[in-house]
Amino acid sequence: MTDPSDRDVICRRLPGRTAVITGAGSGIGLATARRLASEGANVVCADIDETAGRAAADEVGGLFVRVDVTDADQVEALFKTAFDTYGSVDVAFNNAGISPPEDDSILTTGLDAWRRVQEVNLTSVYLCCKAALPYMRRQGKGSIINTASFVAVMGAATSQISYTASKGGVLAMSRELGVQFAREGIRVNALCPGPVDTPLLRELFAKDPERAARRLVHIPLGRFARPEEIAAAVAFLASDDSTFVTAAEFLVDGGIAGAYVTPV
């Protein structure tokens, strides 16, 4: 019979592996840092917010690296620091993103807002994948998880035009990379969350409860996701439980994308 004290060790799926998480200071990133650390990973917490990022790293016993994910040199340095510290880059959760209020309908969204969202949400994922892949190719293995969104697979009349376009780009890029590097032992998947109860979403919807209610009615489960539920999906995609999953759009959306009408 298994000693109960060994149960946590047996359940941990990422012992000794190195996971780099961007946007680790809050929301999905913070929940994922906690989850991957609990699974035994060496967690590198990357964030532009030094206070939040360092707090996350301290909490999970990981390493903090301040990084602007739109800066190619800083992104290269992030993954080099992870490798130099822990000796491998096994998981890259490219999660940093923004959804500013000035990104709205195409009729009102200015070019500066469009470009800023594309840089942070899409170009940063390109840079992170480009930086992580050489380490993973040398190892002959690795898992890249890119945060897309359910809006990458369906349209919305309450548009955030640049955000939606950026997430569609993340989905398409992840699919292509997943196919390109599959036979080198590297898996690349796009995580597509539904609305998640994070500080960013609360800030957006606290200003407009009617908008929040309008969105909730379309979720079959009737609520926003918890960050820990998205983190659990990341842990699955990072682990050997998902070794036959690559180039996938991994929807964790409470049923939104599958719904024609929702329960009354």
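Residues numbered from 1 in each chain as written. Predicted model: local features only at pLDDT ≥ 70, side-chain atom pairs only at ≥ 80, totals over all residues. Heavy atoms only, no water.

(A) A look at the nonpolar core. The biggest cluster of nonpolar side chains holds 33 residues, and the ones touching the most others in it are Val75, Leu78, Phe79, Met136 and Ile144. Contributing elements (two or more residues each) for this core: β2 (42-47), α4 (72-86), α5 (111-139), α6 (161-180) and β6 (186-193). Residue contributions to this core peak at nine residues, all from α5. When sequence neighbours within four positions are dropped, the list of residues in contact with leucine 78 reads Val20, Thr22, Val44, Ala46, Val65 and Val67. Listed in part, the 28 residues of the second largest apolar core include Ile28, Leu36, Cys45 and Val196. (Core = buried A, V, L, I, M, F, W, Y, C linked by side-chain atoms within 4.5 Å. Buried < 20%, exposed > 50% of the residue type's maximum accessible area, 1.4 Å probe, protein only. Helix = DSSP H or I, 4+ residues; strand = E, 2+ residues; numbered from the N terminus. Contact = heavy atoms within 4.5 Å.)

(B) Just the layout of surface pockets, in detail. In this structure, the second largest pocket occupies an estimated 420 Å³ of space. In terms of lining residues, the second largest pocket is bounded by 20 residues, among which Phe150, Met154, Gly155, Ala156 and His218 are the most central. For the lining of the second largest pocket, the per-class residue count stands at 12 nonpolar, six polar and two charged. (1 Å grid on protein atoms, 1.4 Å probe; cavity = no way out; pocket = protein on both sides within 12 Å on 5 of 7 lines; lining within 4 Å. Points joined across faces, edges and corners; volume = space filled by probe spheres on them. Nonpolar A, V, L, I, M, F, W, Y, C, P; charged D, E, K, R; others polar.)

(C) Fine view of the packing of α4 against α5. Between α4 and α5, the least distance of the axes is 9 Å, while the angle of their chain directions is 35°. Where α4 crosses over α5, the two elements pack in a sense that is right-handed. Residue-level contacts link Ala72, Val75, Glu76, Phe79, Lys80 and Phe83 of α4 to Leu127, Cys128, Ala131, Ala132 and Tyr135 of α5. (Axes fitted to C-alpha atoms, helices over the stretch in contact; angles between N-to-C directions. Left-handed = near helix turned anticlockwise from the far one by under 90°.)

(D) The arrangement of the pairing of strand β4 (residues 91-94) in detail. Across the two faces of β4 the burial is the same, with Val91 and Phe93 and Ala92 and Asn94 all buried. Across three bridges, strand β1 (residues 18-22) lies against β4 in parallel orientation. Residue pairing for β4: isoleucine 21 is matched across the bridge by phenylalanine 93. Across four bridges, the pairing between β4 and strand β5 (residues 142-147) is parallel. When the sheet's bridge partners are listed, asparagine 94 is paired in β5 with asparagine 146. Handedness of the β4-α5-β5 crossover: right-handed. (Pairing = 2+ DSSP bridges. Right-handed = clockwise from strand over helix to strand, strands pointing away.)

(E) Geometry of the environment of alanine 24. You can see alanine 24 is positioned in the loop between β1 and α2 (27-38). Look at alanine 24 and you get buried, because its relative accessible area is 0%. Here the alpha-carbon distance between alanine 24 and alanine 57, two residues 33 residues apart in the chain, equals 8.3 Å. Setting aside its immediate chain neighbours within four residues, alanine 24 contacts Gly29, Leu30, Cys45, Ala46, Asp47 and Ala56.

(F) Geometry of the environment of glycine 254. By the secondary structure assignment, glycine 254 is in the segment after β7 (249-252). Excluding its chain neighbours within four sequence positions, the residues that come into contact with glycine 254 are Ile219, Pro220 and Leu221.

(G) How the structure looks around the pairing of strand β3 (residues 63-66). Bridge count for β2 against β3 is four bridges, and the pairing is parallel. Within β3, the residue paired with alanine 46 across the bridge is valine 65. Taken together, β2, helix α3 (residues 50-60) and β3 constitute a β-α-β crossover, and its handedness is right-handed.

(H) Geometry of unusual backbone geometry. You will see that alanine 247, though not glycine, has its phi angle at about 60°, which is positive. Mapping alanine 247 onto the fold places it in the loop between α9 (227-238) and β7. Looking at alanine 247, the relative accessible area reads 22%, which means it is partly exposed.

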